[in-house]
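Per-entry structural report
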Amino acid sequence: MRITITSIFVEDQDKALEFYTKTLGFLKKHDEPAGEFRWITLVSPDDKNGTELLLEPNNNPAAKEYQEKLFIQGIPATMFEVADINEEYNRLLKHGVKFTTEPTEMGEVTLAVFNDTSGNLIQIVQNK
């Protein structure tokens, strides 16, 4: 058994798709109609057959409340690993990304947290 798809709730699928592809650098794998929304998944350019990230609409009241409460409490919705956190931090700052936590050493990892502009906080980490 392995994880094939994980999802993140987003307020606007088009806005999220643009941010996650153009700013973060993920690749669009699927973009299919799914009722009033779309089935949009992304993959890492380094692992095109790896785990997919689904940009899930937060139109369900429970999903919206969950997303909002995580954000208010400062809890990241998910975590992405990066090779060099300082390089990635500086690259994202140049793209106008707003960080709530600058690169910070925490035991065996260095982490930073940013706002994905779609209602989520995202944590990036570099393992030592």
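Residues numbered from 1 in each chain as written. Predicted model: local features only at pLDDT ≥ 70, side-chain atom pairs only at ≥ 80, totals over all residues. Heavy atoms only, no water.

Focus on the pairing of strand 3 (residues 37-43)
Here seven bridges tie strand 2 (residues 27-34) to strand 3, and the two strands are oriented antiparallel to one another. Within strand 3, the position partnered with Leu27 by the bridge is Val43. Hairpin connection between strand 2 and strand 3: a loop of two residues separates the two successive antiparallel strands, and Gly35 in this loop has a positive phi of roughly 70°. Note: strand 3 against strand 4 (residues 52-57), two bridges, orientation antiparallel. Counterpart to Thr41 in the pairing with strand 4 is Leu54. (Pairing = 2+ DSSP bridges. Helix = DSSP H or I, 4+ residues; strand = E, 2+ residues; numbered from the N terminus.)

Brief notes about the sheet that holds strand 4
Ordered in space as 1-4-3-2, the four strands form an open sheet in which the pairing is mixed. Sheet topology places strand 1 (5-10) and strand 2 at the edges, where each strand pairs with a single neighbour. Averaged over neighbouring strand pairs, the angle between their axes works out to 25° when direction is ignored. As defined by bridge partners, strand 1 adjoins strand 4 across six bridges and the pair is classed as parallel. Bridge pairing in strand 4 links Ser7 to Leu54. (Axes fitted to C-alpha atoms, helices over the stretch in contact; angles between N-to-C directions.)

Taken by themselves, the reported measurements are silent on function.
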